[in-house]
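# Descriptive structure summary
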Amino acid sequence: MSKKYYLVGKTINQPFKYYEGKATRLANELPYTVDEVVVGIVGEKGKRKITTFRDSNGKIIERSFDFKNKAYKNRIYTYKDYAIGEEEYVNSTIIKEYSLPRTIMQVYNNFKEMFQEHGIKTTLWNKDRIQTNHIAENINNGNKVFSKVDIENKATQDFQTHTFIEYPQIINNKLTKGKNKFLSFKVKKDDNQYIEGSEKHRNIKFSIDDKYLGYRALDIDDMKEPITREFIIKRGLHPEDFKINTNYTEKEYPDKLSAFYQNGIICFNKLFPTKSKDQLVATSRHEVEHGWQYFLDARNTGGRGEFYEGIAQKYGKPETPELQEEAQKYTESIENYVPFDKNYKEYLKNYIEVIANKAGKEAKDEYNQQGKAIRNTFKHIPEEML
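Every chain's residues receive numbers from 1 upward, in the order its sequence appears when written. This being a predicted model, a pLDDT of at least 70 is required before a residue's local features are given, and a value of 80 or more before pairs of side-chain atoms are given or counted; all residues contribute to the totals for chains, interfaces and linings. Heavy atoms from the whole structure form the basis of all side-chain values; hydrogens and water molecules are not counted.

### Quick notes on the overall build of the protein chain
Within the protein chain one finds 8 helices and 16 strands. The principal-axis extent of the C-alpha atoms belonging to the protein chain is close to 80 × 50 × 40 Å. Buried, partly exposed and exposed residues are distinguished by accessible area as a fraction of the type maximum, computed with a 1.4 Å probe on protein chains only: under 20%, between the cut-offs, and over 50%, respectively. Here the protein chain, with 386 residues, has 44% of them falling under the buried criterion. Summarising the internal contacts of the protein chain: among those between residues at least 6 apart in sequence, 50% fall at separations of at least 24. Put simply, DSSP marks the helices as runs of H or I at least four residues long and the strands as runs of E at least two long, and each gets a number from the N terminus on. Only heavy atoms matter for contacts: two residues are in contact if any of them lie within 4.5 Å across the pair.

### Things to note about the environment of K277
As for its position among the elements, K277 is in helix α3 (residues 277–301). For the pair K277 and K154, spaced 123 residues apart in sequence, the C-alpha to C-alpha distance is 25 Å. Ignoring sequence-local partners within four residues, the contact set of K277 consists of Y215, R216, A217, L218, I220, M223, Y367, E384, M385 and L386. In the analysis that follows, any N or O atom pair within 3.5 Å is treated as a polar contact, provided that within protein one partner can donate a hydrogen and the other can accept it, and provided that, for residues neighboring in sequence, both atoms belong to side chains. Among the polar contacts listed, one links the side chain of K277 to the backbone oxygen of R216, at a separation of 2.8 Å. In this structure the side chain of K277 is engaged in a polar contact, spanning 3.3 Å, whose partner is the backbone oxygen of M385.

### Focus on a nonpolar patch on the surface
Any residue with relative accessible area above 30% and no salt bridge may belong to a patch, with like charges joined within 9 Å and the nonpolar Val, Leu, Ile, Met, Phe, Trp and Tyr side chains within 5 Å. Working definition of accessibility: Shrake-Rupley area with a 1.4 Å probe, residue cover restricted to the visible protein chains. Each reported salt bridge corresponds to a side-chain nitrogen of Lys or Arg within 4 Å of a carboxyl oxygen of Asp or Glu. Taken together, V107, F111, M114 and L124 make up a surface patch of nonpolar side chains, about 340 Å² in accessible area. Considering the arrangement of structural elements, one finds F111 in helix α1 (residues 105–117). Its relative accessible area of 41% is what places F111 among the partly exposed residues.

### Topic: the packing of α3 against helix α4 (residues 306–315)
Two elements in contact, α3 and α4, have axes whose closest approach is 8 Å; the angle formed by their N-to-C orientations is 70°. The orientation of α3 with respect to α4, classified from their angle, is roughly perpendicular. From α3, Y294, F295, A298 and R299 reach across to α4, where they touch Y308, I311, A312 and Y315. Throughout, an axis means a line fitted to C-alpha atoms (over the contacting stretch in the case of helices), and angles, computed between N-to-C directions, take values from 0 to 180 degrees. Any angle that is under 35 degrees is reported as roughly parallel, and any over 145 degrees as roughly antiparallel; angles of 65 to 115 degrees are reported as roughly perpendicular and all others as oblique.

Printed below as a string of structure tokens:
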């Protein structure tokens, strides 16, 4: 027997400055208006409240779900526009769904100001699902293609399920007949690697040889930490010696400095508009290479400062003549380093920058080469997001 609902209260288009409700907000963007709907269930105690926060254009920023005896749930919305060639434009909507058990909400509220101060409001919340909707439209004939990318992230499982779907074309506002393109596979949570044999696909031919397959469904922000951790390991560095900060705010050069490395920390500037995932790959690999350079310099010189002195004591001198020679080149470059804000042309000539740029380009080229199969399969998803 289906449940019967009744309306308890409804508020639409209320200016946010007058909002006095208690719905938890996880998004950093300040809302312009608020909608709130409260319903009851016939024969049951308790209410169900859905609060929607919108921007000045009426677009949804966030939805908060407060259902009695169920975990709190929030969905954060992000919008991006892309072009595919000269004839197709794509509107992409990223929806991230978070949940928090009701028993933990009081703990969260006790530390909410601290989480907000550090720019990580989602601390303690589980990211259950990420859904990205792509609506591609041909500017010449108005034909549309709807694609969806979905990441299911159950807290009780040690893997995620990544799914790509392309629906039949919409012509004259009518869905044409045909089968969906479908690809689904499982990815390990600890290292984002595809789980062999887990793939399911329909109406496509697809190769699973893409070594970056576990990253293709992620959005740019969610990809920063895991891809950098993978590069750290592949470069022969030890993850326990390095930290990754994806919430750094660069105030002096907010739109010029995408990331930097310093004292064992790779910081990503959250204000920098990284436009594509291959650009992120290049940046991440570049900064990891700096980590390697300063790692060897510390072992060569005994360390510059407390952190690098610790590295030198822990790992000692480079083990081989070849490694010693490499370390010495880095040491000389570091000692004669020209910062980018002093002389940009000379900055690009720094030996450690030349080597880091080369490493970044090679990683970017590999990422794009490996991604040809999935990009050719799902042609209406912007390659910047694959």
